Amino acid sequence: MAWIQLRIHTHRDHADMLGDLLMDQGSVSITYEDGQDEPIFEPKLGETPLWQDTILIALFDADTDLAPTIEFLETMPFLGKGFTHKIEQVEDKDWVREWMDSFHPIQFGQRLWICPSWREIPDPAAVNVILDPGLAFGTGTHPTTALCLEWLDSLDLTDQEVIDFGCGSGILAIAAIKLGAKKVTGVDIDYQAIDASKANAERNNVVEQLSLYLPENQPANLQADVLVANILAGPLKELAPLIAEKVKTGGKLALSGLLQEQAQDVSDFYSQWFDMEPACHKEDWSRLSGIRK
Ligand SMILES: C[S@@+](CC[C@H](N)C(=O)[O-])C[C@H]1O[C@@H](n2cnc3c(N)ncnc32)[C@H](O)[C@@H]1O
């Protein structure tokens, strides 16, 4: 099916109302894009903030006559006559095929590969995690996940106990098991992440070694040899005493989800409990590591 899309530059204060108006005018979907490179990092839980300069994109069936919609929008005081907009044809494609084609097996470190299930495994002798993109975060394509996977690959995890705090898709937990960990605990505040981790563990035949918990249900005295947490700078600082408690003396820690400019502050904070090592960076992101004092 072919589509046309109407793109309108607007202010964030008007974006929701404009979206509702366009849905009333027959749009089948509304999406928002950043109108000026103005990234939004770490929104509060439950908030979905928009950019000050937001581009609204309304999708319509290809045979829709948009002239009456444009005329109607020109009567809105916050847009006005001759408001800036663009109408574009959307090429008809097999979107699912296109999306699947964009995922390839990726190698992390020396031994580890993350492979989508529909691709051939490039090196059957390597440590292969089969993982498809889904609702929970973590396919290996994000620099913070990549930094954590490379760190796990660099360790000897044989017979180690590992905690993956903020497990998302379970990618780090499953990789740790496949790299030799005897027992891994995944914790996440999002029940969809717990479900996704369970499904991915089943696909990788590692269910036995993986325990999954919402934070309120996690065992009180849980301690591990290795803890990895790819969350965000704010929650990582809030969780620091709890995270420190969960790592055995001499145990290893990796933190990611940090922007480069946040790394020093978080490292200084964690140095109360850990001997911190120099940060590693990928694109705008950083990974910290340390040894429990
Ligand atoms: C960036 S994703 C990381 C997912 C995966 N571990 C990876 O490296 O790709 C962060 C995950 O942490 C979870 N999370 C955020 N705050 C948390 C908290 N306070 N306690 C536990 N999990 C949390 C989120 O629900 C999300 O699944």
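In this text, all values refer to a predicted model and were calculated from it rather than measured experimentally.

### Concerning the site of the ligand
Piece 1. Neighbouring the ligand are 16 residues; G138, T145, G166, D188 and N230 lie closest to it.
Piece 2. T145 places a side-chain nitrogen or oxygen 2.7 Å from an oxygen atom of the ligand.
Piece 3. One nitrogen or oxygen atom from the side chain of D188 is found 2.6 Å from an oxygen atom belonging to the ligand.
Piece 4. Protein contact buries 85% of the 600 Å² of open area that the ligand shows by itself.
Piece 5. The set of elements that each furnish at least two residues to the shell around the ligand consists of strand 8 (161–165) and helix 5 (171–178).
Piece 6. A per-class count over the shell around the ligand returns 8 nonpolar, 5 polar and 3 charged.

### So, the side chain of D132
Piece 1. When you line up the elements, D132 lands in the loop between strand 7 (127–130) and helix 4 (143–154).
Piece 2. Judged by relative accessible area, D132 falls into the buried class, the value being 17%.
Piece 3. In terms of polar contacts, D132 uses its side chain to reach the side chain of R203, at 2.7 Å.
Piece 4. Aside from chain neighbours lying at most four places away, what touches D132 is P116, S117, W118 and R203.

### Some remarks on the nonpolar core
Taken as a class, soluble globular proteins show a tendency for nonpolar side chains to be buried jointly.
Piece 1. In this structure, L112, L149, L157 and V184 are the most contacted members of the largest nonpolar core, which totals 30 residues.
Piece 2. Contributing elements (two or more residues each) for this core: strand 6 (112–115), strand 7, helix 4, helix 5 and strand 11 (224–230).
Piece 3. The biggest single contributor to this core is helix 5, with 7 residues.
Piece 4. Contact partners of L157, with chain neighbours within four places excluded, come to L152, V162, A176, L179, G180, A181 and V226.
Piece 5. Formed by 23 residues, the second largest nonpolar core is a distinct cluster that contains I163, I243, L253 and M276.

### Examining the packing of helix 4 against helix 5
Piece 1. Following both chains from N to C, one finds helix 4 and helix 5 inclined at 15°, their axes separated by 10 Å at the closest point. One element, helix 4, and the other, helix 5, form an angle in the roughly parallel class. The handedness of the crossing between helix 4 and helix 5 is right-handed. Counted together, T145, C148, L149 and L152 of helix 4 and I171, L172, A175 and A176 of helix 5 form the full contact between these two elements.

### Focus: the pairing of strand 8
Piece 1. Within strand 8, 4 of the 5 residues are buried, which leaves the element mostly enclosed by the surrounding structure.
Piece 2. Pairing geometry for strand 8 and strand 9 (residues 183–187), over 5 bridges, is parallel. Following the sheet pairing, F165 is matched in strand 9 by V187.
Piece 3. With helix 5 bridging strand 8 and its parallel neighbour strand 9, the resulting β-α-β unit is right-handed.

### Remarks on the pattern of salt bridges
Piece 1. Inspection of every chain in the model, using the stated rule, returns 10 salt bridges.
Piece 2. Close ionic contact of E88 with K86 constitutes a salt bridge, the shortest N to O distance being 3.7 Å.
Piece 3. Across the pair K237 and D265 runs a salt bridge whose closest N-O atoms are separated by 2.8 Å. Taken as a pair, K237 in helix 7 (residues 233–238) and D265 in helix 9 (residues 260–270) lie far apart in primary sequence, 28 residues in all.
Piece 4. A residue is classified by how much of its surface remains accessible, and K237, at 28% relative accessible area, is partly exposed.
Piece 5. D265 sits in the partly exposed class, given a relative accessible area of 41%.
Piece 6. One continuous salt-bridge network, built from bridges that share partners, spans R7, E33, K86 and E88.

### Observations concerning the UniProt feature "binding site: S-adenosyl-L-methionine" (unreviewed entry) in the chain
Piece 1. Residues annotated by UniProt as "binding site: S-adenosyl-L-methionine" (unreviewed entry) correspond here to T145, G166, D188 and N230.
Piece 2. Beyond its immediate stretch of four places on either side in the chain, D188 contacts G166, C167, G168, A193, I194, Y213, L214 and P215.
Piece 3. Of the polar contacts made by the side chain of D188, one reaches the backbone nitrogen of C167; its length is 3.1 Å.
Piece 4. Mapped onto the elements, N230 comes out in strand 11.
Piece 5. For N230, a relative accessible area of 14% gives the class buried.
Piece 6. Not counting chain neighbours up to four residues away, the residues in contact with N230 comprise F137, T144, T145, C148, F165, G166, L172, S256 and G257.
Piece 7. Engagement of the side chain of N230 in a polar contact is seen with the side chain of T144, the distance being 3.0 Å.

Parameters at a glance
- Residues numbered from 1 in each chain as written.
- Predicted model: local features only at pLDDT ≥ 70, side-chain atom pairs only at ≥ 80, totals over all residues.
- Heavy atoms only, no water.
- Near = heavy atom within 4 Å.
- Polar contact = N/O pair within 3.5 Å; in protein donor to acceptor, adjacent residues only side chain to side chain.
- Areas by Shrake-Rupley, 256 points an atom, 1.4 Å probe, with all protein chains shown as cover.
- Helix = DSSP H or I, 4+ residues; strand = E, 2+ residues; numbered from the N terminus.
- Nonpolar A, V, L, I, M, F, W, Y, C, P; charged D, E, K, R; others polar.
- Buried < 20%, exposed > 50% of the residue type's maximum accessible area, 1.4 Å probe, protein only.
- Contact = heavy atoms within 4.5 Å.
- Core = buried A, V, L, I, M, F, W, Y, C linked by side-chain atoms within 4.5 Å.
- Axes fitted to C-alpha atoms, helices over the stretch in contact; angles between N-to-C directions.
- Parallel < 35°, antiparallel > 145°, perpendicular 65-115°, else oblique.
- Left-handed = near helix turned anticlockwise from the far one by under 90°.
- Pairing = 2+ DSSP bridges.
- Right-handed = clockwise from strand over helix to strand, strands pointing away.
- Salt bridge = Lys/Arg side-chain N within 4 Å of Asp/Glu carboxyl O.
- UniProt positions renumbered as here; feature names shortened; annotations may be inferred.

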